[in-house]
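The residues making up each chain are set out below.
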There are 4 protein chains.
Amino acid sequence: MTERIINLHSELTYSVHAPTTILLKVAAMRTARQAISDEILTVNPSTSVDYLQEGPLGNRACRLSLQPGSTTIHYSATAAIEPKHPSNADLNELDYTELPAEVLPYLNPSRYCESDKLGKFAADNFGHIDRGFNRVSQISEWVFNNLSYTPGSTGPSSTACDVLLQRTGVCRDYAHVAIALCRALGIPARYVSGYAVNLNPPDFHGFFEAYLGGDWILFDATRLAPIAGFVRIGAGRDAADVAFATLIGQATLTGKTVQATDPQLVTESPSGEALSTA
Amino acid sequence: MTERIINLHSELTYSVHAPTTILLKVAAMRTARQAISDEILTVNPSTSVDYLQEGPLGNRACRLSLQPGSTTIHYSATAAIEPKHPSNADLNELDYTELPAEVLPYLNPSRYCESDKLGKFAADNFGHIDRGFNRVSQISEWVFNNLSYTPGSTGPSSTACDVLLQRTGVCRDYAHVAIALCRALGIPARYVSGYAVNLNPPDFHGFFEAYLGGDWILFDATRLAPIAGFVRIGAGRDAADVAFATLIGQATLTGKTVQATDPQLVTESPSGEALSTA
Amino acid sequence: MTERIINLHSELTYSVHAPTTILLKVAAMRTARQAISDEILTVNPSTSVDYLQEGPLGNRACRLSLQPGSTTIHYSATAAIEPKHPSNADLNELDYTELPAEVLPYLNPSRYCESDKLGKFAADNFGHIDRGFNRVSQISEWVFNNLSYTPGSTGPSSTACDVLLQRTGVCRDYAHVAIALCRALGIPARYVSGYAVNLNPPDFHGFFEAYLGGDWILFDATRLAPIAGFVRIGAGRDAADVAFATLIGQATLTGKTVQATDPQLVTESPSGEALSTA
Amino acid sequence: MTERIINLHSELTYSVHAPTTILLKVAAMRTARQAISDEILTVNPSTSVDYLQEGPLGNRACRLSLQPGSTTIHYSATAAIEPKHPSNADLNELDYTELPAEVLPYLNPSRYCESDKLGKFAADNFGHIDRGFNRVSQISEWVFNNLSYTPGSTGPSSTACDVLLQRTGVCRDYAHVAIALCRALGIPARYVSGYAVNLNPPDFHGFFEAYLGGDWILFDATRLAPIAGFVRIGAGRDAADVAFATLIGQATLTGKTVQATDPQLVTESPSGEALSTA
C-alpha cells in the first residue's frame, strides 16, 4: 500500500459588524488511513478557539467568535493517506441482516436525501443491475450523465428530489442524488466533505461513500477530481452535517482560498478501482 | 425524587408471503433515569433475533426474519423511572458557544424537520419570547393550538413544512413541527418514541425533547397523555431514526396491541413542571 | 369521415347532512366534431339545476344544491363523433411565432403541471426527437413506460413533479406529466376529461391534447382505452379546471356508475393514427 | 366619478446572440373604466410586431423577434381611469350559487396559488371574520404584516406555499399568497399586472383582485403605492399568465425603465375605500 502525501491549505476571511459565532469544519479528519501532521490553525486577529469532536463519527469542528471587523482563519496540514484498495469483486452489497448497527442510520432518509420518495425510481433504473460495486458505480455514472454542473442553479435548501427534477447542481447536489438513490436501494450511503487535489476551480469538495463489502467506498459523481487525491474532513448523513462554516449571526465571506497539492505528483489510481479511506 | 413503575406490553403480528426482514424498535431504552427489568421478547413461531444498539444514542433494535405465514412479536418489560425535575428557572437556552459537541447535530435540519426553511417564521412568532423553558413550552402550545389531530391526514413522507401548511397531523407531525421551530431558533431538539400511560387510543407515541439548561427536557405538543407516564424507546433526529418497525420487503400488520400501565396510579406531575429522563 | 355513435350514462349518488352546493362537469361538450343528442339530466329528489358554460372553452357545468339525505344525479346522452384524422406528417409543432393567441395560455405552467421546473429534463429526454406528432407520441409512450398505474398512490394535490419522482399514479397523473413535458418543450398541451368506451374498470377518464399542425390532437398516456372511443366533457389547463364534481361543503359519494358504450362495435382507429375532436 | 390621467412609459433593452422571440405584456388594457390613448410602441432597430389578444380576458401581448445585437422596446401611452367606487357595505362575498360562470375558474388552484392546500389555514385565520370587503382587506393586511418585502428572496418558481413558509417575497409573492387564501375561502381572486404611480423603486407592479358584490375589487398587499394610481396591463390566474416578458430562447435584459406619472398630482383615494377598474 503506497502512502500518498497531500498538503492542505485553506484560508477564509469573514467580515462582521457584531460579534458572531462561527463553527468551522475545515480540519482534516484523523483516521487509521489518514494521518494528519503539521497542523496549524491560525486566526487573525487572534481569538480563543474551541476544538470539538461532533457526531458519531467524531467530525472535527472549531468554534470561535468573530469580533467586529475582518477575521482571517488559516488552516494548513499535511495528510498522509494509505487507502485500502479492496478488490471490486469483494465489494458486495451486504444483506440487511448483515449490516452492522452503526451503519443502519445511513439507510434513513435525511434532509437533503429523500430516499423514502425514490423507491420505484431507483428500482426501475438500477434494480436490474447486479448488486455490488458495479451498481453504485453505475448510479454515480447516471448522476454524472444526467445532471449538468451549474454553479448557482441550486441553493442551500435544494434537495435530491429538487435536483432530480431540475437536473442541474453542484458537487453537494450530485452527492445528494447518488446517496438518495443508494439508500432507496438498501445501500447505506453517506456524504463526505473534503479537500481534493486538482479540483478546478479549487474549493472544498463534496462526494459520497457507499457501504460495500464491509468498507465505506469513495465515489464522486462529479468526476471533477481524482478520488485518490481526496482528503476527508468529515462525513455525515448529508451536507447538513458537514457544512464548512455555520454562522450564528450575520457575516460576509470576503475571501476564500482552498488548496490541496500533491508534491510527489503521484499518478492517480486507475479509473474504476475501488478505494476506501474511512 | 420518587420512582415511578410502568408496565409495558406490545404485541405486533405480521403476515408475509416470502421471508422478510424486520427491524423493530419497541424495547424501552436503559438510561440512568429509566431502569428496565423483567424484559421479555418472544417471537412466535420462534426465530433467532439479532439485538442491536444503533446510532449515537444507542437506540435498541431487534432484527429478525419473518417466515411465510403469520408471526407475532410480543414485548413486555417493567420500567422504573426516576425523572429529574429541574427548576424551570434553570432551564435556560444555552448560547451556541456553550453547547456540547454531541448536541450540535440536533440543530441541523433533518428529513422531516426542515428548520432551514423556517428561520423567519420562527423568529416572527417566537423570537420575542424570553429564552428558556417557557419559550419551548409556548412553541409546544402553539403547535397544539394550531394543528388538528387528524389520523390519516398525513403519511410517512409528510414533513414539518407540509404540516405547517395543512395544519393537521398526528403525534409524529406535532413533534416534527415543534422540533423544526426549536432548531430554527437555535434550540437543539430531537424526536423521542415511546410508550405513554393513558394514551387513548393506546398506541406507541412520539414526542420531543429540547436541550435546556444542560438537560434534554420532554415536551408533548399533542397533550394526549401525561409526560410523567412516558417511557422512552429511543431518540433521534426525527421519526426516520426511531420507526417502530422497518420492513425490508412486503408484510401486512394484522394485529397490534400496545399498553403502558401504571399499577400505582401515581398522579401525574403538575402541569408546567419540567421533566427529564434522558 | 365515418361518424361514431357512443351512448353515455353516468349516475352519482351523494349523501349530505346539510344543504350543500355541487358543481358537476359530467355533460358531454358540444363541438363541431361532437354532436350531443337525447341528453337527459335527472336529479332525484328533484331540484332546480343551474346550467353554466365556464371558461374560455365553454366547459359545461351543472350547479345544484343537495338537500339533507341522499341525492342521485343521472346523466345520459348520445354522442355522435366525427373526428378529424389529419395525416401525421402534417402534425408539425408550430413555431412560437405561428401559435394563435388563444393557444398561448396552454404553454403556461399550471397547478398540477409545473412545466417551468422541467425544462432541462424535457430537453434531455425529448429534445433530440424530430418535432411533431411523433415527438408527442414518444412523450406519451415514455409516460406509459415509466409510470405504474396505481390507484390510491396519488391524491388530489399530487402534481406532475410529485409523480415524476414517485413514478406511480392514475389517469389524471399520467396526463399531467405528459402535459408538463409538452409545455416544457414549447408544445401547447391541455387536459381533457371525458367518457371512454371500454375503459376498465368503467369510470370517467382523463387524457390530454397537444396542439399540432393547427389542431388539438388527442393522446392518452395510460393506453387504458382506445382514443377513438373518447367523448369529451371538457378541457382545461389541468384537472383543476374539469373536476367531475366540486363540492362546496361536505358530502359522501355513496354510488357511482359510469358507462360509455358503442352500439355499432366499431373497431378502433389503427394505432398511431392521429385524431382530433376539439 | 372623477377621471384620472396617468402617463405611462416603459423601455426594455434586450441583447441576444441568436434570433429570439419575445412576448411582451406591457401595453395597458382597454376596459370600460380604463381608456388608453396616445399609445406608441417602438422597436429599435425596427421589426414587425404581432399584436395579440390572449386568454379569456383579452390580455394584450406583442410578439416580436429580436435579432442578434441589442433591441430596445419603448412603450408609452396615456391612461384615463374612471374607477367605480362601490360602497364597502355592498361588497359582499357572493354565495357559490350566485357566482357567474366566468368567475368560477378564479376559484381553482393555479401554479403559484395552491389554494387546495390551504383550506384549514385560511379557515383558522380568516374563517371567523364577517364575509365581504373587510375580510379580504384583513387577508391583504395579514399578508402585509407577515411577509417581509425582500427582493431576491424568491424566484420565478416560488409559490404561495413556499412564501407562506419563508415569509419573504416581492410583489408577485404577496399577491399569490393573498389570492391563494381568498380562493381557499371560496372568494374568487386573480392576479393583475400593471403600472403604479409613485412605486419606489419604479418598476412594473403585481397586485390582486377579489370578486366582491359582483365587481373585481383591487387590493395590494404590499402597500407600496396607492391603488388609485394603478393602471392595469392584464389579469390572470397568477403571474404565469401575465409575465411582462416571455422569452423563447436566451436573452439578456440590459436596460429597463418603467414610469407611471400623474400630471395632475391627484391625491390618492382615502385609505380603505374600495375601487374597481376591471
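Not measured: the values here are computed from a predicted model.

**What about the overall build of chain A?**
Along the backbone of chain A there are four helices and 14 strands. Relative to the globule expectation of 19 Å for 278 residues, the C-alpha radius of gyration of chain A, 19 Å, shows essentially globular dimensions. With the principal axes as the frame, chain A shows a C-alpha extent of 55 × 40 × 35 Å. Scored against the burial criterion, the 278 residues of chain A give a buried share of 56%. Taking the contacts inside chain A whose residues are at least 6 apart along the sequence as the reference set, 76% of them involve residues at least 24 apart. As displayed, chain A offers around 10600 Å² of accessible surface, 48% of which is attributable to carbon and sulfur atoms.

**Describing the relation of the copies chain C and chain D**
When chain C is fitted onto chain D, the two copies agree to an RMSD of 0.0 Å after a turn of 180 degrees and an axial shift of 0.0 Å. Considering both components of the superposition, the chain copies are consistent with a two-fold axis. Closest to the rotation axis within chain C is the C-alpha of C:Arg111, separated from it by 1.9 Å. The residues that chain C uses at the interface reappear at the interface of chain D in 100% of cases, marking a shared surface.

**What about the interface of chain C and chain D?**
With 32 residues of chain C at the interface, the matching set in chain D holds 32 residues. Buried area between chain C and chain D, summed over both chains or domains, comes out near 2500 Å², and the portion from carbon and sulfur atoms is 55%. Counting across the interface, chain C meets chain D through four salt bridges. With a closest N to O distance of 2.8 Å, C:Arg111 and D:Asp116 form a salt bridge. Residue assignment for the side of chain C that touches chain D shows that the elements contributing at least two residues are β2 (20–24), β4 (49–54), β5 (59–66) and β13 (245–248) of chain C. When residues in the side of chain C that touches chain D are grouped by element, the largest group, four residues, is from β4(C).

**Topic: the arrangement of the chains**
A gap remains between chain B and chain C, with no contact made and the closest C-alpha atoms lying 11 Å from each other. If you take every C-alpha in chain A and every C-alpha in chain D, the smallest gap between them is 11 Å, and the two do not touch.

**Some thoughts on helix α4 (residues 171–184) of chain D**
The periodicity of an α-helix, 3.6 residues per turn, causes residues three or four places apart in sequence to face the same way. Residues and elements named next belong to chain D. The end-to-end C-alpha separation of α4 is 20 Å, in line with the 20 Å expected for 14 residues at 1.5 Å each. Within α4, 13 of the 14 residues are buried, which leaves the element mostly enclosed by the surrounding structure. Looking one or two residues beyond α4, the residue adopting positive phi is Gly-186, at roughly 90 degrees.

**A word on the sheet that holds strand β10 (residues 205–212) of chain A**
Residues and elements named next belong to chain A. Spatially, β11-β10-β9-β12 is the arrangement adopted by the four strands of the open sheet, whose pairing is antiparallel. Looking at the sheet topology across the chains shown, the edges are occupied by β11 (215–219) and β12 (230–236). Adjacent strand axes in the sheet meet at a mean angle of 40 degrees when their direction is disregarded. As paired strands, β10 and β11 are joined by five bridges and run antiparallel to one another. Across the sheet, residue Glu-209 finds its bridge partner in β11, namely Leu-218. Together, β9 (189–196) and β10 form the strand contacts of helix α4 (residues 171–184), whose direction differs from that of β9 by roughly 155 degrees.

**Things to note about the sheet that holds strand β5 (residues 59–66) of chain A**
All names here are of chain A. What the four strands build is an open sheet, ordered β4-β5-β2-β13; its pairing is antiparallel. Only two strands of the sheet have a single partner each, and these edge strands are β4 (49–54) and β13 (245–248). Averaged over all neighbouring strand pairs, the angle between strand axes comes to 20 degrees, with direction disregarded. Looking at chain direction, β4 and β5 are connected through six bridges and run antiparallel. Of the residues in β5, the one forming a bridge with Asp-50 is Arg-63.

**Observations concerning the environment of C:Leu41**
Residues and elements named next belong to chain C. If you trace the backbone, Leu-41 turns up in strand β3 (residues 34–44). Expressed as a C-alpha distance, the spacing of Leu-41 and Cys-62, which sit 21 residues apart in the sequence, is 9.4 Å. Once residues lying within four places of it in the same chain are set aside, the contact partners of Leu-41 are Val-49, Tyr-51, Cys-62, Ile-73, His-74 and Tyr-75.

**Looking at the interface of chain B and chain A**
If you look at the interface, chain B gives 32 residues, while chain A gives 32 residues. Across the chain B/chain A interface, buried area totals approximately 2500 Å², and carbon plus sulfur atoms make up 55% of it. On the chain B side of the contact with chain A, B:Arg63, B:Tyr96 and B:Arg111 bury the most area, a combined 26% of that side's loss. Listed by contribution, the elements that provide at least two residues to the side of chain B that touches chain A are β2 (20–24), β4 (49–54), β5 (59–66) and β13 (245–248) of chain B. A total of four residues in the side of chain B that touches chain A trace back to one element, the largest contributor, which is β4(B). For the side of chain B that touches chain A, the class distribution of residues is 13 nonpolar, nine polar and 10 charged.

**Section: the packing of aromatic side chains**
Residue and element names in this part refer to chain B. This model, assessed by the stated rule, comprises 44 aromatic pairs over all chains. With a centroid separation of 5.4 Å and 65 degrees between ring planes, the pair formed by Tyr-195 and Phe-204 is classed as edge-to-face. Each member of the pair Tyr-195 and Phe-204 is classed as buried. Here the aromatic rings of Phe-207 and Phe-230 are separated by 4.1 Å at their centres, their planes lie at 35 degrees, and the arrangement is tilted. With a gap of 23 residues between them, Phe-207 in strand β10 (residues 205–212) and Phe-230 in strand β12 (residues 230–236) connect regions that are remote in the sequence. For Phe-207, a relative accessible area of 2% gives the class buried. Overall, Phe-230 belongs to the buried group, its relative accessible area being 2%.

**Re the environment of B:Leu212**
All names here are of chain B. Tracing the chain through its elements places Leu-212 in strand β10. In this structure Leu-212 comes out as buried when scored by relative accessible area, which is 0%. The spacing of Leu-212 and Pro-202 is 10 residues in sequence and 30 Å in space, taken between C-alpha atoms. Excluding residues within four positions of it along the chain, Leu-212 makes contact with Leu-91, Asn-92, Glu-93, Gly-132, Phe-133, Val-136, Ile-187, Ile-217 and Phe-219.

**Here we look at the relation of the copies chain B and chain A**
If you rotate chain B by 180 degrees and push it 0.0 Å along the axis, it lands on chain A with an RMSD of 0.0 Å. Of the residues that chain B buries at the interface, 100% are likewise interface residues in chain A, meaning the two copies contact each other through the same surface.

**Examining helix α2 (residues 133–146) of chain B**
Over its 14 residues, α2(B) extends 20 Å from the first C-alpha to the last, a length consistent with the 20 Å expected when each residue adds 1.5 Å. Restricting attention to buried positions, one finds in α2(B) the residues B:Phe133, B:Arg135, B:Val136, B:Ile139, B:Ser140, B:Trp142, B:Val143 and B:Asn146.

**What about the pattern of salt bridges?**
With the rule as written, the count across this model stands at 60 salt bridges over all chains. Salt-bridge contacts for C:Glu39 lead to C:Arg30; the nearest nitrogen and oxygen are separated by 3.0 Å. Residue class for C:Glu39 comes out partly exposed when judged on its relative accessible area of 26%. On the basis of relative accessibility, which here comes to 47%, the residue C:Arg30 falls in the partly exposed class. Here the residues in one salt-bridge network are A:Glu93, A:Asp95, A:Arg131 and A:Arg135, joined through shared partners.

**Notes on the packing of helix α1 (residues 119–126) of chain C against helix α2 (residues 133–146) of chain C**
Residues and elements named next belong to chain C. Running from amino to carboxyl end, α1 crosses α2 at an angle of 105 degrees, the nearest separation of the two axes being 11 Å. With respect to each other, α1 and α2 are oriented roughly perpendicular. Residues Phe-121, Asn-125 and Phe-126 of α1 pack against Arg-135, Gln-138, Ile-139 and Trp-142 of α2. Residues belonging to the contact of α1 with α2 are distributed by class as follows: four nonpolar, two polar and one charged.

**Some details on the environment of B:Ile22**
Residues and elements named next belong to chain B. Structurally, the position occupied by Ile-22 is in strand β2. What makes Ile-22 buried here is its relative accessible area of 0%. A C-alpha to C-alpha distance of 21 Å links Ile-22 and Leu-8, two positions 14 residues apart in sequence. The residues touching Ile-22, leaving out its near neighbours within four places in the chain, are Tyr-14, Cys-62, Arg-63, Leu-64, Leu-66, Ala-245, Thr-246 and Leu-247.

**A word on unusual backbone geometry**
All names here are of chain B. Put simply, Asn-200 and Pro-201 share a cis peptide bond, and its omega is 0 degrees. As for its placement among the helices and strands, Pro-201 is situated in the loop between β9 (189–196) and β10. Positive phi, close to 50 degrees, is recorded for Asp-38, a residue that is not glycine. Structurally, Asp-38 is set in strand β3 (residues 34–44). Residue class for Asp-38 comes out exposed when judged on its relative accessible area of 58%.

Thresholds applied
Residues numbered from 1 in each chain as written. Chains lettered and ligands numbered in written order. Predicted model: local features only at pLDDT ≥ 70, side-chain atom pairs only at ≥ 80, totals over all residues. Heavy atoms only, no water. Helix = DSSP H or I, 4+ residues; strand = E, 2+ residues; numbered from the N terminus. Rg over C-alpha atoms; globule rule 2.2 N^0.38 Å. Buried < 20%, exposed > 50% of the residue type's maximum accessible area, 1.4 Å probe, protein only. Contact = heavy atoms within 4.5 Å. Areas by Shrake-Rupley, 256 points an atom, 1.4 Å probe, with all protein chains shown as cover. Least-squares fit on C-alpha atoms with pLDDT ≥ 70 in both. Buried area = accessible area lost by both parts, 1.4 Å probe. Salt bridge = Lys/Arg side-chain N within 4 Å of Asp/Glu carboxyl O. Expected span 1.5 Å × (residues − 1). Pairing = 2+ DSSP bridges. Axes fitted to C-alpha atoms, helices over the stretch in contact; angles between N-to-C directions. Nonpolar A, V, L, I, M, F, W, Y, C, P; charged D, E, K, R; others polar. Phe/Tyr/Trp six-rings, centres within 6.5 Å; stacked < 30°, edge-to-face > 60°. Parallel < 35°, antiparallel > 145°, perpendicular 65-115°, else oblique.

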